[in-house]
Amino acid sequence: MEGAIINIITRTGVSFDLVKVMFHHVILYGDRMRKNVKNNVSWIGYMDWELEIFHGDEYSISNGSSQNAYLIEEGKTVLVDTVWTPHRSEFIENLKKEIDLKKIDIVIMNHGECDHSGSLAALMDEIPGTPIYCTASAVKSLEGQYGKKGWDFHTVKTGDSIDIGNGKKLVFVEMRMLHWPDSMATYMTGDNILFSNDAFGQHFAVEELFADLADQPTLWREAMKYYANILNPFSSVLQKKLKEIEGLNLDIDIIAPSHGAIWRKDPLQIVRTYAKWADSYKEDQVTVVYDTMWEGTAKIAHAISEEVHRQAPNTVVKVYNISKSDKNDVMTEVFKSKAIAVGSPTVVNSILSSVAGWLEMLTQLKFRGKKAAAFGCYGWSGESVKILQQKLADAGFEVCEENVRSNWNPEDEDFALVLAMVKSLLSGDGDAIVEDTASDNPAKYQCEVCGYVYDPEKGDPDSGIAPGTPFESIPDDWVCPICGVGKSDFKKM
């Protein structure tokens, strides 16, 4: 290989590092696109070792990732998903090396997000008229992103199936709001493979392809980070979906997600783990998150850590300055925690923007069954602690009344307050702030899955619910007009 690199450099003048990258690319993608999953099923996705951020800048990538697409070659040839838009040309060209594109009989789109569908438009330019199987919501998301191009959509719902020959079928299972309204999974009979889409995945590049061959601590750390930062808001939906899948009595030998490693050795281990994670998961851990201007709030954060250890020596304590820490890694630690303490000094009658932004993300992730406390320093007005308490309550935490609010720099009397605050955090029945929600107007209710707000004054005329109808008077078979879940998934605001 080195001789070939030297030859290219001599002839072209290209740098050594660039030629190495070219050879690396050829080795990875030139003749090794196809990897066998089982029998006539192959992985044909994209291993993205250089990826560092995802979902804009919302998700950090530490160990690469993969966009998993699959090729089934039975009586019919089926492509399950594609890859992200930036890699569409390579995907199409490499797919041509594996198969005559005109032999593809069916395209399955389990999800319309562009990391799954990003090569679809280019593919359909090559094979127009090829039927695309997806949910009705996926038609909306695909046409919304790529335009109405006259593609041959075949919409499916849970229990629908198609025969792919050789005695095998593809059975579809809607996975609404895991994590988009259009999501579904596809189960292949005979080989007993569940193409699970965004469920059960990780942002983790695994050249060996399979979970049992991956580095296990990294695998499980990335699986938890993925769940905590992407799927946790939909835990209530996931619990119901797991029961629904169990009720289908499917024999599952392999779970093939859209990102990361494929589960083949005891594949249901990740299903069992998801069931545990979805049930208000917490470990014996307390996480302290803060930012500071002149180190006063930092001193309180460290005092809280020391006091937790003093009162509960076996409890794990972790401390993060949010302006210096990876927000997704911190959220994973919050997911593991039974309680958190959040601190910020007062700045212009509010809190530091680093903490405010992080708290917005905390609210979005909808953690449940956890306690929280607030602390911070101030110079003159001192609003930060009350603001933190309210935001933590809005995020779904049981907020302790006890707090530490220090004028200028913390003194002995301030540190003395840490003891009571930590005691409340660690107790099972600490005093909590209860928000007064009494009102003369009928209460609004918010969908805990997608965030839709039912406003009685407006009703839901498209679903036959007249303006002025209280939530309690809505028929029990009414569903959220956005994501389709029932009344039980709504919370009074």
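Nothing here was measured: the structure is a model prediction, and the numbers come from that model.

**A short note on the pairing of strand β19 (residues 339-343)**
Here is step 1: Counting buried positions along β19 gives five out of five residues, so the element sits mostly inside the fold.
Here is step 2: In β19, alternate side chains face the same way, and those of A339, A341 and G343 on one face and I340 and V342 on the other are all buried.
Here is step 3: Sheet topology places strand β17 (residues 285-290) next to β19; five bridges connect them, and they run parallel. What sits directly across from T287, in β19, is I340.
Here is step 4: Bridge analysis of β19 against strand β20 (residues 371-378) gives five bridges, and the strand direction is parallel. Residue pairing in the sheet places G343 in a bridge with F375 of β20.
Here is step 5: A crossover links β19 with its parallel partner β20, the connecting element being helix α12 (residues 353-365), and its sense is right-handed.

**Observations regarding helix α14 (residues 412-426)**
Here is step 1: For α14, with 15 residues, the first-to-last C-alpha span of 22 Å sits near the 21 Å given by 1.5 Å per residue.
Here is step 2: Those residues of α14 that fall on the buried side of the exposure criterion are D414, V418, M421, V422, S424 and L425. Projection of α14 onto a plane perpendicular to its axis shows the buried side chains occupying an angular sector of 155°, all on one side. Seen from the open side of α14, the exposed residues pointing more than 90 degrees away from its buried face are D412, E413, A416 and K423.

**Examining the sheet that holds strand β24 (residues 453-454)**
Here is step 1: Sheet architecture is open: three strands sit in the order β24-β23-β25, paired in antiparallel fashion. What marks the edges here is a single partner per strand, and that holds for β24 and β25 (490-492).
Here is step 2: Where strand β23 (residues 445-447) meets β25, three bridges bridge the pair, whose relative direction is antiparallel. What sits directly across from Q446, in β25, is K491.

**Quick notes on the nonpolar core**
Here is step 1: With 80 residues, the main nonpolar core has F200, Y274, W358, L359, L362, F397 and F490 as its most contacted residues.
Here is step 2: Sort the elements by how many residues they give to this core and helix α7 (residues 216-231) lands first, with eight residues.
Here is step 3: In contact with W358, other than residues within four places in its own chain, are V289, I322, K327, V330, M331, V334 and V342.
Here is step 4: Among the nonpolar cores identified, the runner-up in size contains 28 residues, and M109, A121, L123 and M124 belong to it.

Each value, and the rule that gives it
Residues numbered from 1 in each chain as written. Predicted model: local features only at pLDDT ≥ 70, side-chain atom pairs only at ≥ 80, totals over all residues. Heavy atoms only, no water. Buried < 20%, exposed > 50% of the residue type's maximum accessible area, 1.4 Å probe, protein only. Helix = DSSP H or I, 4+ residues; strand = E, 2+ residues; numbered from the N terminus. Pairing = 2+ DSSP bridges. Right-handed = clockwise from strand over helix to strand, strands pointing away. Expected span 1.5 Å × (residues − 1). Arc of directions from axis to C-beta. Core = buried A, V, L, I, M, F, W, Y, C linked by side-chain atoms within 4.5 Å. Contact = heavy atoms within 4.5 Å.

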